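One-letter residues, chain by chain:
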Amino acid sequence: MATKDRQKANAKVKKVMEEFKDGELKSSSGQKVKNRKQAIAIGLSEARSAGAKIPAKKKRKKLIDKMAAFHDSCS
């Protein structure tokens, strides 16, 4: 993943994690998100729809774990 794509993904995930921590993040079905990994996956999905090149699901699991660790260390 290129640097610009990573920055775009980090920005989207950061925004989504703030919503998650505030208890305002909802999934597509309208239910409140309670799992932080699900919140990160939503952020990556939003980054993908914004044009960032995010790896496919097989590789994305490692990326989700890496971003989860990063956002845990920032808190």
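Before any of the text, the structure's been laid out above.
Cut-offs and rules
- All residue numbers refer to positions counted from 1 along the written sequence of the respective chain.
- With the structure being a predicted model, the display of local features is reserved for residues of pLDDT at least 70 and the display and counting of side-chain atom pairs for 80 or more, all residues being used for whole-chain, interface and lining totals.
- The basis for the side-chain values is all heavy atoms of the structure; hydrogens and waters are excluded.
- Lines are fitted to the C-alpha atoms to define the axes, a helix being fitted only along its stretch in contact, and any angle between axes, read from their N-to-C directions, falls within 0 to 180 degrees.
- Counting from the N terminus, the helices are the DSSP runs of H or I reaching at least four residues and the strands are the DSSP runs of E reaching at least two.
- Here is the rule for angles: anything less than 35 degrees is roughly parallel, anything more than 145 is roughly antiparallel, 65 through 115 is roughly perpendicular, and the remaining ranges are oblique.
- Handedness of a crossing is defined here by the sense of rotation of the near helix relative to the far one, left-handed for an anticlockwise turn of less than a right angle and right-handed for a clockwise turn.
- When checking whether two residues touch, look at their non-hydrogen atoms; a contact exists if any pair is within 4.5 Å.
- In the scheme used here, Gly and all other residues not listed as nonpolar or charged are polar, with Ala, Val, Leu, Ile, Met, Phe, Trp, Tyr, Cys and Pro taken as nonpolar and Asp, Glu, Lys and Arg as charged.
- Per-residue accessibility, obtained with a 1.4 Å probe over protein chains only, is compared with the maximum for each type, and a residue is labelled buried under 20%, exposed over 50%, and partly exposed between these values.
- An expected span of 1.5 Å times one less than the residue number is assigned to each helix.
- Pairing of N or O atoms within 3.5 Å defines a polar contact, subject to two protein rules: one partner must be a possible hydrogen donor and the other a possible acceptor, and residues neighboring in sequence count only if both atoms are side-chain atoms.

**Student:** I would appreciate a short explanation of the packing of helix H1 (residues 3-22) against helix H2 (residues 36-49) in the present structure.
**Tutor:** The description of two packed helices rests on the angle between their axes and on the distance between the axes. The N-to-C vectors of H1 and H2 enclose an angle of 135°; their axes lie 8 Å apart at closest approach. The orientation of H1 with respect to H2, classified from their angle, is oblique. The element H1 and its partner H2 pack so that their crossing is right-handed. In this structure, H1 contributes Lys8, Ala9, Lys12, Val13, Lys15, Val16, Met17 and Phe20 to the contact, and H2 contributes Arg36, Ala39, Ile40, Ile42, Gly43, Leu44, Glu46 and Ala47. Broken down by class, the residue content of the contact of H1 with H2 amounts to ten nonpolar, one polar and five charged.

**Student:** I would appreciate a short explanation of the environment of Lys12 in the present structure.
**Tutor:** Topologically, Lys12 is positioned in helix H1. For Lys12, a relative accessible area of 26% translates into the label partly exposed. Along the backbone, Lys12 and Ser45 are 33 residues apart, and their C-alpha atoms lie at a distance of 9.0 Å. The contact partners of Lys12, leaving out residues within four places of it in the chain, are Gly43, Glu46, Ala47 and Ala50.

**Student:** So what exactly am I meant to see when it comes to H2 here?
**Tutor:** The periodicity of an α-helix, 3.6 residues per turn, causes residues three or four positions apart to be oriented the same way. Over its 14 residues, H2 runs 20 Å from end to end, which matches the ideal 20 Å to within 8%, given 1.5 Å per residue. Buried residues of H2: Ala39, Ile40, Ile42, Gly43, Leu44 and Ala47, and no others. Measuring from the backbone nitrogen of Lys37 back to the side-chain oxygen at the start of H2 gives 3.0 Å, which picks out Asn35 as the cap.

Honestly, that's just the spatial picture; any functional story needs more than this.
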